[in-house]
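Each chain is listed here by its residues.
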Amino acid sequence: MKHSFALGVENYELWLSPGQHGYRLHLKDEAISPVTFSHQRNGSGTLVIASDTVPVHFAIDGDIVHLHIRGRTHILTYRDQLRTLACPDEEPGHLVARAPMPGVVIATKVSRGDVVSADAILMLVESMKLEFVVRASRGGVVERVHFEVGESFERDCALVTISEVGR
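As the structure is a computational prediction, the values presented were derived from the model and not from experiment.

Novice: Which parts of the structure should I look at to understand the sheet that holds strand S14 (residues 130-135)?
Specialist: By way of backbone hydrogen bonds, the strands of a sheet pair with one another, either parallel or antiparallel. The antiparallel open sheet is built from 4 strands, whose spatial order is S14-S13-S11-S16. Edge strands, defined here as strands with exactly one partner in the open sheet, are S14 and strand S16 (152-153). Bridge count for strand S13 (residues 121-127) against S14 is 6 bridges, and the pairing is antiparallel. Bridge pairing links Met123 to Val134 in S14.

The structure is reproduced here in structure tokens:
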């Protein structure tokens, strides 16, 4: 699964894949290999990227990662794929939680007409043998649950549509 991070105004998508000696880091159209990380103590470790060894210090606060590497501090914001893909529908005042990858619905936790708050669990889905939770990115009223338990969906499909409260 791709992970998305914001560094300032720039967004970066990356993912790891197993390699012969550690992992390969995929960033844009580039694959860097080998990549390993050894956690030494709380908030520090050693990162090896293509045989360049670098000491790293980090602190994680929710979706914010403070990373100190090579004498500079960087603040990364993890961007949840489901929240990133949640975008307005054609109708003003609507929000659509979209699928970041193909999968199958395991459970729905809401029904049409339910009032939900931000971060409420909307459904559980499975993709590539991994389960993940679909959450509301903001509060509102569930207008439509697009898939039922056992149904499969493709990447970027609308999973749940939420409208503003009072509409």
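Read on for the rest.
Novice: Just checking my understanding: could you explain the pairing of strand S4 (residues 30-41) for this structure?
Specialist: It is a general feature of regular strands that their side chains alternate between the two faces of the sheet. Pairing of strand S3 (residues 22-27) with S4, which is carried by 4 bridges, proceeds in the antiparallel orientation. Bridging across to S4, Leu27 finds its partner in Glu30. Linking S3 to S4, which pair antiparallel, is a turn of 2 residues; within it Lys28 sits at a positive phi near 60°. As judged from the 6 bridges shared by S4 and strand S5 (residues 44-49), these two strands associate in the antiparallel manner. Pairing of Ser38 across the sheet is with Thr46, part of S5. The antiparallel hairpin formed by S4 and S5 contains 2 residues in its connecting segment, where Gly43 sits at a positive phi of about 85°.

Novice: Looking at this structure, I do not really get the pattern of salt bridges. What am I missing?
Specialist: It is possible for side chains bearing opposite charge to pair when their charged atoms get close. In total, this model carries 1 salt bridge according to the counting rule given. Ionic pairing is found between Asp52 and Arg70, a salt bridge with its closest N-O pair at 2.2 Å. Of the two residues, Asp52 sits in strand S6 (residues 52-61) while Arg70 sits in the loop between strand S7 (64-69) and strand S8 (72-79), which places them 18 residues apart along the sequence. The exposure class of Arg70 is exposed, given its relative accessible area of 59%.

Novice: Mind showing me how you'd approach unusual backbone geometry here?
Specialist: Among all residues except glycine, the phi angle is most often negative; among peptide bonds, the trans geometry is most common. Going from Ser33 to Pro34, the amide bond is cis rather than trans, its omega being -15°. In this fold, Pro34 is placed in strand S4. Of note in this structure, Ser51 is not a glycine but carries a positive phi near 65°. Since its relative accessible area comes to 68%, Ser51 is described here as exposed. Not every positive phi belongs to a glycine, and Lys129 is a case in point at roughly 70°. With respect to the helices and strands, Lys129 occurs in the loop between S13 and S14. By relative accessible area, which is 79% here, Lys129 ends up exposed.

Novice: Even after reading the chapter, I still don't get the environment of Ile75, so can you show me in this structure?
Specialist: For Ile75, the location among the structural elements is in strand S8. Residue Ile75 is classed as partly exposed on the basis of its relative accessible area of 45%. Note: C-alpha distance between Ile75 and Ile60 (15 residues apart in sequence) is 9.9 Å. With residues near it in sequence (within four places) discarded, Ile75 still touches Ala6, Leu7, Ile64, Val65 and His66.

Novice: Explanation requested: the pairing of strand S11 (residues 103-108) in the structure shown.
Specialist: Bridging between S11 and S16 involves 2 bridges; their strand directions are antiparallel. Residue Gly103 lies in a different strand from S16, and its bridge partner there is Phe153. As paired strands, S11 and S13 are joined by 4 bridges and run antiparallel to one another. Bridge assignment links Val104 to a residue of S13, and that residue is Glu126.

Parameters at a glance
Residues numbered from 1 in each chain as written. Predicted model: local features only at pLDDT ≥ 70, side-chain atom pairs only at ≥ 80, totals over all residues. Heavy atoms only, no water. Pairing = 2+ DSSP bridges. Helix = DSSP H or I, 4+ residues; strand = E, 2+ residues; numbered from the N terminus. Salt bridge = Lys/Arg side-chain N within 4 Å of Asp/Glu carboxyl O. Buried < 20%, exposed > 50% of the residue type's maximum accessible area, 1.4 Å probe, protein only. Contact = heavy atoms within 4.5 Å.

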